[in-house]
Amino acid sequence: MAKDQIVIVTQTDDPHTDEVIVALERMGHEPVRLNTDEIPVDSKLSMSWTNDPDSFDATIEVLTSGRTMNSGSVRSVWWRRPAHFGLPSDLSVQENEFATDEIDHALRSLWGSLDCYWISEPERIRQASWKGEQLTRARRLGFEIPRTLITTDPEQARDFFYACDKQMIFKVMTDPFLGAAGAARRHPDEYFEPYEAPTTIVTEPDLDLLDSVRVAPCLFQEYVPKKVELRVTVIGNEIFAAEIHSQDNEKTAIDWRHYDVDIPYGVASLPPEVADRCLALVKGYGLNFSSMDLILTPDDRYVFLENNANGQFIFIEDKVPELAMTDALASCLVRGANE
């Protein structure tokens, strides 16, 4: 059986997938799009094994598109951004939890049994997501990092504030919308406000609020002055670096992720040793895609902030078309294990 199928595991509403599919079709390929929010109601899943070590066979038929994934034909998989499963609405909370666990177990059995090229394997993406471990790894590779504290001790947080000369930021480690989506899935009859928590400067009056860190660990860092910010994306063995002129607007000076503000973007030129560290960090996790955030300081030091093993990239390409990341990712999927 020819290994010619390209599979994208994602969700119904994902512009990144839309763009990559257009690129793949332009290259003469018809990928199989698996939207996890259409599983199981709008799909059929079947897996079988025998005592023959080469007997594993699995299919997922997507009823809405007529496409079928055959395990023996899969050349490459892009693990994009799968969503929660599309279960019947009349299930009880307990039934929903049980069905979700069973579907997840079955699909992880499938993904773990595939012999193909991945961008990137889900377990490797998860391993690469821990922010504290990223800092440890980056430092070992030679990156400069901000002084960082993760704590549930209010006094340690206050001491750290003064150790940073009152230049301290707070940022969340997981969901910037503070758990609203997960809470809504578990309690569909309730409304949860999706408060957004950008990177925030902590001021002296804020110290009175630090007792709340007892409830959940909080990540604090020294504030690092910026000339520009850098978004560095690794696809396969290629590096795409963009500079973000966040200091051109007060609203983006602390956190550039205010997409309603028009600030300049451009192609960045990384020193070879910095580019090598970026590639080494990504490949050290066994990833074939990742995007990371760095700061270039006013005195030209490169400071590592964090790694996004499944980060966004089209917003960068829209601003800087020379960074043709969509085609690069599609080409990786086409090459598969020959990458």
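Now for a look at the structure at hand. Small disclaimer: the values here were computed from a predicted structure and weren't measured.

### With respect to the pattern of salt bridges
For step 1, the next point in the chain: Evaluated as defined, the whole model comprises 20 salt bridges.
For step 2, the next point in the chain: Two residues, Arg158 and Asp211, come together in a salt bridge whose shortest N-O distance is 3.2 Å. Of the two residues, Arg158 is situated in helix α5 (residues 154-163) and Asp211 in the loop between β10 (200-202) and β11 (218-222); the sequence distance between them amounts to 53 residues.
For step 3, the next point in the chain: Through salt bridges with shared partners, a single network forms among Asp104, Arg108 and Glu123.

### Some points on the environment of Val7
For step 1, the next point in the chain: With respect to the helices and strands, Val7 occurs in strand β1 (residues 5-10).
For step 2, the next point in the chain: Considering only alpha carbons, one finds Val7 and Val62, 55 residues apart in sequence, at a separation of 12 Å.
For step 3, the next point in the chain: Among all residues touching Val7, those that are not within four sequence positions of it are Val32, Leu34, Met69, Val74, Ser76, Val77 and Trp78.

### Some points on the sheet that holds strand β12 (residues 228-235)
For step 1, the next point in the chain: The strand order β14-β13-β12-β15-β16 describes an open sheet built from five strands, whose pairing is antiparallel. Sheet topology places β14 (265-267) and β16 (302-308) at the edges, where each strand pairs with a single neighbour. Across this sheet, the average inter-strand angle for adjacent strands is 25°, counted without regard to direction.
For step 2, the next point in the chain: Sheet analysis places strand β15 (residues 289-296) next to β16, joined by six bridges and oriented antiparallel. The residue of β16 that forms the bridge with Ile295 is Val303.

### Looking at the nonpolar core
For step 1, the next point in the chain: Grouped together as the largest cluster of nonpolar side chains are 48 residues, with contacts concentrated most on Met69, Leu110, Trp111, Leu230 and Leu294.
For step 2, the next point in the chain: The residues contacting Leu294, other than those within four sequence positions of it, are Phe143, Glu229, Leu230, Val232, Val274, Cys278, Val303, Phe304 and Leu305.
For step 3, the next point in the chain: One finds Ile235, Phe240, Leu323 and Ala328 within the second-largest nonpolar core, a separate group that totals 31 residues.

What counts as what
Residues numbered from 1 in each chain as written. Predicted model: local features only at pLDDT ≥ 70, side-chain atom pairs only at ≥ 80, totals over all residues. Heavy atoms only, no water. Salt bridge = Lys/Arg side-chain N within 4 Å of Asp/Glu carboxyl O. Helix = DSSP H or I, 4+ residues; strand = E, 2+ residues; numbered from the N terminus. Contact = heavy atoms within 4.5 Å. Pairing = 2+ DSSP bridges. Axes fitted to C-alpha atoms, helices over the stretch in contact; angles between N-to-C directions. Core = buried A, V, L, I, M, F, W, Y, C linked by side-chain atoms within 4.5 Å. Buried < 20%, exposed > 50% of the residue type's maximum accessible area, 1.4 Å probe, protein only.

Remember that the coordinates give geometry; whether it matters functionally is a separate question.
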